[in-house]
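# Chain and residue survey
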Amino acid sequence: MNNPSLKVPVMADLAAREKSPEYLFWVGCAGAYDDRYKKVTRAFTKILLHLQTDFAILGKEERCTGDPARRAGNEMLFQMMALTNIELLNAYRVKKIITICPHCFNIFKNEYPELGGNYEVIHHTQFLRQMLDQGKIKMDKNTTVDALITYHDPCYLGRGNQEYDSAREVLKKMGTPVTEMKRSREKALCCGAGGGQMFKEAEEGDKEVFMERTEEALQTRANIIASSCPFCMAMLTDGIKYKDKEESVKNQDIAELLANYLEL
Amino acid sequence: MLEQIVFTIAFVSAIAFFIYRLSRIYRYIKSAKPLKLTGGRKRLARIFRIAIGHSKLFKNPLVGFLHAIVFWGFIIVNIEMLEIIFDGIFGTHRSLAFLGNGYTILLSLFEIFAFAVIIASVVFLARRNIVKIRRFWNREMTTWPRTDATIILVTEILLMASILVMNASDIALQAKGHAHYPAVGTFLVSGLMQPWFAGMSEANLIFLERFAWWFHIIGVLLFMNYITFSKHLHIFFSFFNVYFSKLAPLGKMRNMPDINREVKLMLNPGAGNSAPPAEDTRFGAKDATDLHWPNLLGAFSCTECGRCTAACPAHITGKKLSPRKIVMDLRDRVENSGAAILKQGKAFDDKKDLFSHITHQELWACTTCNACVEECPVNIDPLAVILEMRRFLVLEQGSAPGPLNAMFSNIENNGAPWQYAADDRTNWTENLSFKKQQS
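Residue positions are counted from 1 within each chain, in the order its sequence is given. The lettering of chains begins at A and the numbering of ligands begins at 1, in the order of writing. Only residues with pLDDT of 70 or above have their local features reported here, since the model is predicted, and side-chain atom pairs are shown and tallied only from 80 upward, although totals for entire chains, interfaces and linings are computed over all residues. Neither water nor hydrogens contribute to the side-chain values; these are computed over all heavy atoms in the structure.

### Quick look at the overall build of chain B
Within chain B one finds 19 helices and zero strands. Taken against the 2.2 N^0.38 rule, which gives 22 Å for 439 residues, the C-alpha radius of gyration of chain B at 28 Å runs more than 25% over that of a compact globule. Once the C-alpha set of chain B is aligned to its principal axes, its extents read approximately 100 × 65 × 40 Å. Considering only contacts within chain B whose residues lie at least 6 apart along the sequence, 76% involve residues at least 24 apart. If you sum the accessible surface of chain B, you get close to 20300 Å²; carbon and sulfur atoms cover 64% of it. Computing the positive centroid from 47 side-chain charges and the negative centroid from 34, chain B places the two 4 Å apart. Secondary structure elements follow DSSP: runs of H or I of four or more residues count as helices, runs of E of two or more count as strands, with numbering from the N terminus. We take the radius of gyration over the C-alpha atoms and set the globule estimate at 2.2 Å times the residue count to the 0.38 power. Should any heavy atoms of two residues lie within 4.5 Å, those residues are considered in contact. Note on areas: these come from Shrake-Rupley sampling with a 1.4 Å probe, and a residue is covered only by the protein chains present in the view. Residues scored as charged are limited to Lys and Arg (positive) and Asp and Glu (negative), so that His and the chain ends carry no count. The atoms used to mark charge sites are NZ of Lys, CZ of Arg, CG of Asp and CD of Glu.

So this is what it looks like as structure tokens:
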């Protein structure tokens, strides 16, 4: 079946036609460049289009929020990125931002306001939960996903912002059995990528953090490790690979699981 | 009369030294960077929930319960101090006995708690020294921190035991009809201890009663001052630390207004009548006084339980970082430099700073996951210290690990932490289609 290629609305195009969409979908650097996470971006975009959401992306105008720089101590660079981004966002009169990255989510929600950027910030798992709760996504199928899922809490959603439930609610609505890791929710173990670790070698130690976390996830015997953060995904996917479990265990984002479920 | 004089001198000097110590620590904390805090009512609610209600400790119900016993025991048994102090100064004996039955009930309550505190302290000693729970034996738990913990628990056992011995010998003397020991009734726990005391001579009982009384009060006065040098300061400072702890979501990092001003000026040079930062402004934290005062308060509130470290992903995987060590190092640094700061002001120089205690390797092992902050039963924030020290390393010394510098230049040049062109940002939108026709 040949389906028509979908067009993703871009802010600048809409602005040229004096339109401003309800949501800005902030793709994030990993969502735009990381080969694995691009699939998540695509899955989530398909859900947005399926729902006929009034949204646009910044496209080529998007820039790093400055999060990795700030966590690694480079406040100067962070402020440069933040002030530039805020100028752009305010010029487009952005009110609501959906992100698919907990780090972008945290920095928009908590750290941009005191620099002059005030937005309603929604993580994609929260958005999906809202859509389910409001009945905009129909879950009328009797099919359940034939898998056991465990969910890995990203630090910047969970402990960072007390958001533990949205992703789990979405999984529940899909009727998939979910099992918890020993350390979950506020006790969840970090994937090891935060605070700039993603971009450097680990300091000297006995073990990589992502291996510790992957082993814990594998202990649940789940065959899908669900996540909702590009950095967690990079770490867990590597962990599964090093554990030689690629055949039997997949790491998938909540958006991918839902898009699959909806056969988008 | 002599006893009264000795008591009064001991009491007054102990209180005076205690106040002197606290005021010094207060001034140490105030020597750090100022920070205005808002949200009084929410903070008060936290005192009730987290400090008094032990909400975080009860995540492990057994330990939460044992700690609650010691906490309430401390508060309730110390009511007895009022009577002891009054008796000591005025040479009376059991001055509150006029309460009648109420007195018997009150003292019995004290005794129940005293006994429970002894049990809890024994369990705590066993957890540390027999079960050897790992977090009590980490690298930073050198001889002194472990000795400190043992001194505290043993002292608590002795102080509580002395109350029971004092009351038990008192009851035995009451039974013998001694004039100085009027019958005020039998208390619950010491009443059960009578078989051990009943056979003793009057002289021995009087000695025992007096000895236990003096042991308890002198012990308390000494312990109170010992605490100001010990991790046990937590019994006073935790309340303040919980009250002043971060209200914002844990994910939020503190802004640097100086840098913000500078960058604004850079991006928009015309905008500025805003003055550039003063020359002595230091970016990030090199020494304790570069931190904000709540971070120092946190260091003095830490009782070195190590829950932070036990939850730290870097520590779990064998890296050098231990959030508890960061907090302990900070307190050590403040205590070692405090006297000089109070004398010479912030400009003093002893050729040492926080980096004399904390290595770069520790700081760069942190994933900023907030597990340590979440775990701390009294809301200490080790992460804030780590991040401020990273800021100093990067902003003042340009000494981030190489790959992080590469990430910085990627963000600066390409607007992304990786070396990709902005034009490729929309590559993912190509050939996007639904699996089947949408209705």
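### So, the packing of aromatic side chains
Residue and element names in this part refer to chain A. Working definition: rings of Phe, Tyr and Trp (its six-membered ring) pair if their centres are within 6.5 Å, and the pair is stacked with planes under 30 degrees apart, edge-to-face with planes over 60 apart, and tilted otherwise. Under the counting rule described, the total for this entry stands at 32 aromatic pairs over all chains. Their ring planes at 80° and their centres at 6.0 Å tell us that F44 and F127 sit as a pair that is edge-to-face. On the criterion of sequence distance, the pair formed by F44 in helix α3 (residues 35–50) and F127 in helix α7 (residues 124–133) is long-range, its members being 83 residues apart. By relative accessible area, which is 0% here, F44 ends up buried. Of the residues examined, F127 reaches a relative accessible area of 0% and is grouped as buried. Burial status follows relative accessibility: with a 1.4 Å probe on protein chains alone, a residue under 20% of its type maximum counts as buried, one over 50% as exposed, and anything between as partly exposed.

### Focus: the interface of chain A and chain B
At the junction of the two partners, chain A supplies 81 residues and chain B supplies 69 residues. When two parts are brought into contact, each loses some accessible area as probed by a 1.4 Å sphere; the total of that loss over both is the buried area. Counting each side, the surface lost to burial between chain A and chain B is near 6700 Å², with a carbon and sulfur contribution of 63%. Salt bridges are identified by distance alone: a Lys or Arg side-chain nitrogen within 4 Å of an Asp or Glu carboxyl oxygen. Summed over the shared surface of chain A and chain B, the number is six salt bridges. Between A:E263 and B:K436 there is a salt bridge, with its nearest N and O atoms 3.7 Å apart.

### Quick look at the pattern of salt bridges
A complete count under the given rule lists 43 salt bridges over all chains for this structure. Of the charged contacts in the structure, one is a salt bridge between A:K96 and A:E22, with a shortest N-O distance of 2.8 Å. Here the residue A:K96 occupies a position in strand β3 (residues 96–99), and A:E22 occupies one in the loop between α1 (11–16) and β1 (23–26), the gap between them amounting to 74 residues. When its relative accessible area of 37% is taken as the criterion, A:E22 is described as partly exposed. For B:R391, the salt bridge goes to B:E388, with nearest N and O atoms at 2.9 Å. Here B:R391 pairs with B:E388, and both are found in helix α18 (residues 382–395), just three residues apart, close to one helical turn. With respect to class, B:R391 is no different from B:E388; both count as buried. It is possible to trace a salt-bridge network through shared partners that takes in A:D67, A:R70, A:R71, A:E75, A:E111, B:E388 and B:R391.

### Some thoughts on the sheet that holds strand β5 (residues 149–151) of chain A
Residue and element names in this part refer to chain A. Note on pairing: DSSP must find at least two bridges between two strands before they are called paired. Spatially, the four strands line up as an open sheet ordered β6-β5-β7-β8, and their pairing is parallel. The sheet is open, and its two borders are formed by β6 (178–179) and β8 (250–253), each paired with just one other strand. Examined bridge by bridge, β5 and strand β7 (residues 224–227) share three bridges and lie parallel to one another. What sits directly across from T150, in β7, is I225. Lines fitted to C-alpha atoms define the axes, with helix axes restricted to the stretch in contact, and inter-axis angles between N-to-C directions lie between 0 and 180 degrees. On top of the sheet, helix α12 (residues 254–261) reaches β5, β7 and β8; it is set at about 85° to β8, its chief contact.

### Structural notes on the environment of A:Y33
Structurally, A:Y33 can be placed in helix α2 (residues 28–33). Looking at A:Y33, the relative accessible area reads 5%, which means it is buried. Filtering out sequence-adjacent residues up to four positions away, A:Y33 remains in contact with A:K38, B:A416, B:W418, B:Y420, B:A421, B:A422, B:D424 and B:R425.

### Structural notes on the domain arrangement of chain B
For an interface, size is often stated in terms of accessible area lost upon the parts coming together. Residues and elements named next belong to chain B. By domain assignment, chain B separates into domain 1 (31–55 + 236–247 + 283–399) and domain 2 (78–227). The C-alpha-based centres of domain 1 and domain 2 are spaced at 36 Å. For the pair domain 1 and domain 2, the summed buried area comes to about 1000 Å², and 47% of that belongs to carbon and sulfur atoms. At the junction of domain 1 and domain 2, the tally comes to one salt bridge. Domain borders in the structure are assigned automatically or taken from a domain database.

### So, the side chain of A:T214
Residues and elements named next belong to chain A. By secondary structure assignment, the location of T214 is in helix α10 (residues 209–219). T214 gets classed as buried once you look at its relative accessible area, which sits at 0%. Of the polar contacts made by the side chain of T214, one reaches the backbone oxygen of F210; its length is 2.6 Å. Beyond its immediate sequence surroundings of up to four residues, T214 is in contact with M235, L236, G239 and I240. Under the rule applied, a polar contact is a pair of N or O atoms within 3.5 Å (in protein, one hydrogen donor and one hydrogen acceptor; residues adjacent in sequence only if both atoms are side-chain atoms).

### Remarks on the nonpolar core
Buried Ala, Val, Leu, Ile, Met, Phe, Trp, Tyr and Cys residues form a nonpolar core when they are joined through side-chain atoms within 4.5 Å. Counting residues in hydrophobic clusters, the biggest one holds 206 residues, and the most contacted among them are A:F127 and A:L128. At twelve residues, helix α6 (residues 143–175) of chain B tops the list of elements feeding residues into this core. When residues no more than four places from it in sequence are discounted, the contact partners of A:F127 are A:Y23, A:F44, A:L48, A:L51, A:T53, A:I98 and A:I122. By size, the runner-up hydrophobic cluster in this structure holds six residues, among which are A:C155, A:C190, B:C369 and B:A371.

### Looking at the domain arrangement of chain A
Residues and elements named next belong to chain A. Partitioning chain A into domains gives domain 1 (11–129) and domain 2 (138–261). One C-alpha centre belongs to domain 1, the other to domain 2; they are set 22 Å apart. At the junction of the two partners, domain 1 supplies 24 residues and domain 2 supplies 26 residues. Contact between domain 1 and domain 2 buries roughly 2200 Å² in total, counting both sides, with carbon and sulfur atoms accounting for 71%. Here domain 1 and domain 2 share one salt bridge between them. E256 is the salt-bridge partner of R36, the closest N and O atoms lying 2.8 Å from each other. At the surface where domain 1 touches domain 2, the tally comes to ten residue pairs in polar contact (both at pLDDT 80 or more). Those elements giving two or more residues to the side of domain 1 that touches domain 2 turn out to be α3, α4 (67–71), α6 (102–111) and α7.

### Here we look at the packing of helix α3 (residues 61–77) of chain B against helix α5 (residues 101–129) of chain B
Residues and elements named next belong to chain B. Contact geometry for α3 and α5: axes closest at 8 Å, N-to-C directions at 140°. With respect to α5, the axis of α3 lies oblique. The crossing of α3 and α5 is left-handed. Where α3 abuts α5, its residues V63, L66, H67, I69, V70, W72, G73, I76 and V77 lie against L109, F110, F113, A114, A116, V117, A120, V123, F124 and R127. Gly is placed with the polar residues, together with every amino acid not listed as nonpolar (Ala, Val, Leu, Ile, Met, Phe, Trp, Tyr, Cys and Pro) or charged (Asp, Glu, Lys and Arg). In terms of residue class, the contact of α3 with α5 is made up of 16 nonpolar, two polar and one charged. The scheme is simple: roughly parallel for angles under 35 degrees, roughly antiparallel for over 145, roughly perpendicular for 65 to 115, oblique for anything else. Left-handed describes a crossing in which the near helix is turned anticlockwise from the far one by less than a right angle; the clockwise case is right-handed.

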